2 protein chains.
Amino acid sequence: MVFTNDIHLPKQGSDFDFFGYLAERQTRVEAALDGALPVIYPEKIYEAMRYSLLAGGKRLRPILCIATCELLGGTLEMAMPTACSLEMIHTMSLIHDDLPAMDNDDFRRGKLTNHKVFGEDIAILAGDGLLAYAFEFIVTQTKSVPADRLLQVIARLGRAVGASGLVGGQVMDLDAEGQPNISLDTLNFIHTHKTGALLEACVVCGGMLAGATAKEVQHLSRYAQNIGLAFQIIDDILDITATRDILGKTAGKDLQAQKATYPSIWGLEESQRHAQQLVINAKAELAIFGEQAHPLIAIADYITSRRH
Amino acid sequence: MVFTNDIHLPKQGSDFDFFGYLAERQTRVEAALDGALPVIYPEKIYEAMRYSLLAGGKRLRPILCIATCELLGGTLEMAMPTACSLEMIHTMSLIHDDLPAMDNDDFRRGKLTNHKVFGEDIAILAGDGLLAYAFEFIVTQTKSVPADRLLQVIARLGRAVGASGLVGGQVMDLDAEGQPNISLDTLNFIHTHKTGALLEACVVCGGMLAGATAKEVQHLSRYAQNIGLAFQIIDDILDITATRDILGKTAGKDLQAQKATYPSIWGLEESQRHAQQLVINAKAELAIFGEQAHPLIAIADYITSRRH
């Protein structure tokens, strides 16, 4: 999936070319991911890992990591290994989520899911391999970042993926299936953990690599928490409104699965309003960084205005 | 399972109380593991992680890590977080290996496997959670070790678990099922990766934490490679000779699964001879460390003389 400008993006104050920026970053991330994982013996597992890692997507997580590192005075080169690792971790979570024992999805981004191509056993191992490699990759590939900052990044990533983050969110999400009447608190827990924790880690780790202060990290965290939740609300809305062709997965799946969503609690209009407010809050957290924050501001706007 | 002295351990030159040593270390590791993973919300995933992490076992991996750290002049305290992480990773690999899509085992160490108790979805996530937490735990819990050494340890662990290690070995192991005539090279690849890589990481990381030189790491690696392979050969032998009651899993499972093993290639007697030679080689690698190496020497002897 390539960035297109078929969305209604609010005008930026500057002449910043947001779509040009995204496309250029996406290209660099794709190249880095492609180079990160050569196929060696035993080929099958590397091919399975590459199949899902290089299956496209917006690469929003790596781009957030790089943009935040640059905002804090770091470079793209400092952030790229961590950016790639974040995408490996995200990919691992998608492969495992799609398994028959979990969400049982046959398609992802219009392609067969990993286990449909390589079998369940290899899909489980491909996920494990990507997760382990993500940590190794950060350490062996990052240049010009002090060791103590890298350790902070690794601890933060571990927290974002484990039972205190993504895994914990997925557990509650599985629990909530067939229970359309779960509380707003539970719904928030699911999403701040299942998708929010890793998005927050992207932004926070980008800042950490560049040596962000504790106060800066706090603002970055809140920016990310707000866009993470907005992202999920929009996902829920799109699940209802989008067609299968645009989304590349079975639309209305949440409804079929009798899952509680933000629109099922608030309705479509109120959900849209909440998402917009979260984006306003997210952008307010960036005020301390001034004009330099325009990529992160544009990403926040992009999230609520996207159509797929 | 508690260490007992119902094995024929060669007499040590010193008056070193090996079984006392193992029991004391095992107790400390159990306590550290128990404290490493408190149950918080959502409880189910922490309970699933703890179920397998605290299911007993010899704790050979953590003990190897601690013993090597101490041999190189480090302390038990420096090594304990990494030692616990190694056991978390080992546990993750057992949980995922036991899944229906993999080896499909109902019992492990005489207890129901994780997915039989918690379901396949939770078992997959418990493994993911343990793997992610292992990396976080090392960083947040290790004291008095320079940051660059910790980074070395993390890179080494990632390599040991991923497609270049444990995962790669498991892929080839799954491939080899129903093929009793695979080559010795393939059998060696499976075991040096599936079990050997992590055992080697235990020893090497223990050394790294204490600041081992490149030459020392090389000797430690070869010691570990030798005991790793000896360990597997003995496992293959025990799979044939032990009864279900002693082993706590279905004995003769390899034969039933039509899997190539060292005894199927070499015969029982020749396999025993190979294992003994590997232990001699392993101990020779420890010569540069002198008398101080007696715990690692005793562990090498223990491996070939164990009866379960």
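About the criteria used
Residues numbered from 1 in each chain as written. Chains lettered and ligands numbered in written order. Predicted model: local features only at pLDDT ≥ 70, side-chain atom pairs only at ≥ 80, totals over all residues. Heavy atoms only, no water. UniProt positions renumbered as here; feature names shortened; annotations may be inferred. Helix = DSSP H or I, 4+ residues; strand = E, 2+ residues; numbered from the N terminus. Contact = heavy atoms within 4.5 Å. pLDDT = per-residue confidence, 0-100. Buried < 20%, exposed > 50% of the residue type's maximum accessible area, 1.4 Å probe, protein only. Axes fitted to C-alpha atoms, helices over the stretch in contact; angles between N-to-C directions. Parallel < 35°, antiparallel > 145°, perpendicular 65-115°, else oblique. Left-handed = near helix turned anticlockwise from the far one by under 90°. Phe/Tyr/Trp six-rings, centres within 6.5 Å; stacked < 30°, edge-to-face > 60°. Lys NZ or Arg CZ within 6 Å of the ring centre and 35° of its normal. Core = buried A, V, L, I, M, F, W, Y, C linked by side-chain atoms within 4.5 Å. Nonpolar A, V, L, I, M, F, W, Y, C, P; charged D, E, K, R; others polar. Salt bridge = Lys/Arg side-chain N within 4 Å of Asp/Glu carboxyl O. Polar contact = N/O pair within 3.5 Å; in protein donor to acceptor, adjacent residues only side chain to side chain. Patch = residues over 30% accessible without salt bridge, like charges linked within 9 Å, V, L, I, M, F, W, Y side chains within 5 Å. Areas by Shrake-Rupley, 256 points an atom, 1.4 Å probe, with all protein chains shown as cover. Least-squares fit on C-alpha atoms with pLDDT ≥ 70 in both.

Looking at an unreviewed UniProt entry, one finds chain A named dimethylallyltranstransferase, with Neosynechococcus sphagnicola sy1 as its source organism. Checking UniProt for chain A, the heading Catalytic activity (unreviewed entry) contains the comment "isopentenyl diphosphate + dimethylallyl diphosphate = (2E)-geranyl diphosphate + diphosphate". Within the UniProt record for chain A, the comment given under Pathway (unreviewed entry) is "Isoprenoid biosynthesis; geranyl diphosphate biosynthesis; geranyl diphosphate from dimethylallyl diphosphate and isopentenyl diphosphate: step 1/1."

Let us now look at the environment of A:Trp266. Residues and elements named next belong to chain A. Relative to the helices and strands, Trp-266 resides in helix H14 (residues 262–266). With 82 residues separating them in the primary sequence, Trp-266 and Leu-184 have C-alpha atoms 9.7 Å apart. Leaving out residues up to four positions away in the same chain, Trp-266 has contacts with Leu-184, Ile-233, Ser-271 and His-274.

Before going further, it helps to examine the confidence of the model for chain A. All names here are of chain A. The predicted model of chain A has a mean per-residue pLDDT of 91, with 90% of residues at 70 or higher. Note that residues 1–12 has pLDDT below 50 and, in this model, 35 contacts with residues that lie over four places away or in other chains. In the predicted assembly, ipTM is 0.93 and pTM is 0.93.

Extensive coverage of helix H8 (residues 166–176) of chain A is indicated by the burial of 10 of its 11 residues. Among the residues of H8(A), those classed as buried are A:Leu166, A:Val167, A:Gly168, A:Gly169, A:Gln170, A:Val171, A:Met172, A:Asp173, A:Leu174 and A:Ala176. Contacts made by the buried residues of H8(A) are with helix H4 (76–97), helix H7 (147–161), helix H9 (184–194) and helix H10 (196–209) of chain A together with helix H2 (43–53) and helix H6 (120–141) of chain B. Just downstream of H8(A) lies A:Gly178, where phi reads positive at about 75°.

What follows concerns helix H2 (residues 43–53) of chain A. Among the 11 residues that make up H2(A), 8 are buried, leaving the element largely enclosed by the rest of the structure. Along H2(A), the residues that are buried comprise A:Ile45, A:Tyr46, A:Ala48, A:Met49, A:Arg50, A:Tyr51, A:Ser52 and A:Leu53. On the buried face of H2(A), the contacting elements are helix H1 (18–36), H4, strand E2 (111–112), helix H5 (114–118) and helix H6 (120–141) of chain A together with helix H8 (166–176) of chain B.

Right, let's talk about the packing of helix H11 (residues 214–241) of chain A against helix H16 (residues 294–305) of chain A for a bit. All names here are of chain A. Where H11 contacts H16, the two axes come as close as 8 Å, and the packing angle between them is 20°. The angle between H11 and H16 places the two elements in the roughly parallel class. Considering how the two elements wind past one another, H11 and H16 form a crossing that is left-handed. Side by side, H11 and H16 meet where Leu-220, Tyr-223, Ile-227, Ala-230, Phe-231 and Ile-234 of the first sit next to Leu-296, Ile-299, Ala-300, Ile-303 and Thr-304 of the second.

For any pair of aromatic rings, the description rests on two quantities: the centre-to-centre distance and the angle between the ring planes. A complete count under the given rule lists 19 aromatic pairs over all chains for this structure. Ring centres of B:Phe19 and B:Tyr302 lie 6.4 Å apart, and the angle between their planes is 75°; this geometry places the pair in the edge-to-face category. In this pair, B:Phe19 is assigned in helix H1 (residues 18–36) and B:Tyr302 in helix H15 (residues 294–305), connecting sequence segments 283 residues apart. Both residues of the pair, B:Phe19 and B:Tyr302, belong to the buried class. Ring pairing ties together the aromatic residues A:Phe16, A:Phe18, A:Phe19, A:Tyr21 and A:Tyr302, which thus form one cluster. Directly above the aromatic system of A:Tyr51 lies the positively charged group of A:Lys111, at a separation of 4.0 Å from the ring centroid.

Let us look at the nonpolar core. Ranked by size, the top nonpolar core spans 219 residues in total, and within it A:Ile45, A:Tyr223, B:Ile45 and B:Tyr223 carry the most contacts. Not counting residues up to four positions away in its chain, the partners in contact with B:Ile45 are A:Ala163, A:Val167, A:Val171, B:Ile122, B:Leu125 and B:Ala126.

All names here are of chain B. For the pair helix H14 (residues 268–285) and H15, the least separation of the axes is 10 Å and the interaxial angle reads 175°. With respect to H15, the axis of H14 lies roughly antiparallel. Each of Gln-272, Ala-275, Gln-276, Val-279 and Lys-283 in H14 lies in contact with H15, whose residues at this interface are Ile-297, Ala-300, Asp-301 and Thr-304. Taken together, the residues of the contact of H14 with H15 break down into 4 nonpolar, 3 polar and 2 charged.

This part is about unusual backbone geometry. All names here are of chain A. In this model, Tyr-41 is joined to Pro-42 through a cis peptide bond whose omega is -5°. By the element assignment, Pro-42 lies in the loop between H1 and H2. One non-glycine residue with positive phi stands out, namely Arg-109, at about 50°. Locating Arg-109 in the fold gives a position in the loop between strand E1 (107–108) and E2. Of note in this structure, Ser-144 is not a glycine but carries a positive phi near 60°. Within the secondary structure, Ser-144 sits in the loop between H6 and H7. Residue classification places Ser-144 among the exposed positions, given a relative accessible area of 66%.

Chain B puts 44 residues into the contact, and the matching count from chain A is 44 residues. Viewed at the interface, chain A and chain B are joined by 2 salt bridges. Among the salt bridges present, the one from B:Lys44 reaches A:Asp175, with a minimum N-O distance of 2.9 Å. Between chain B and chain A we count 8 residue pairs in polar contact (both at pLDDT 80 or more) in total. Where the side of chain B that touches chain A is concerned, the elements lending two or more residues are H2, helix H4 (76–97), H6, helix H7 (147–161) and H8 of chain B. With 13 residues, H6(B) is the largest single contributor of residues to the side of chain B that touches chain A. Of the residues in the side of chain B that touches chain A, the class split is 28 nonpolar, 8 polar and 8 charged.

Turning to a nonpolar patch on the surface, a few remarks are in order. A cluster of nonpolar residues, A:Phe107, A:Leu112 and A:Val117, forms a patch on the protein surface that exposes about 230 Å² of accessible area. On the basis of relative accessibility, which here comes to 39%, the residue A:Leu112 falls in the partly exposed class.

The transform that puts chain B on chain A rotates by 180° and translates by 0.0 Å along the axis, for an RMSD of 0.0 Å. Expressed as a symmetry operation, the mapping of one chain copy onto the other fits a two-fold axis. Minimal C-alpha distance to the rotation axis in chain B is attained by B:Ala147, lying at 2.8 Å. Looking at chain B, 100% of its interface residues are interface residues in chain A too, so the copies touch through the same face.

Attention now goes to the pattern of salt bridges. Residues and elements named next belong to chain B. Across all of its chains, the model carries 32 salt bridges over all chains by this definition. Close ionic contact of Arg-222 with Glu-285 constitutes a salt bridge, the shortest N to O distance being 3.1 Å. Residue Arg-222 is located in helix H10 (residues 214–241), and its partner Glu-285 is located in helix H14; the two are separated by 63 residues in the primary sequence. For Arg-222, a relative accessible area of 32% puts it in the partly exposed group. The salt bridge involving Glu-270 is made with Arg-273; its shortest N-O contact spans 3.3 Å.

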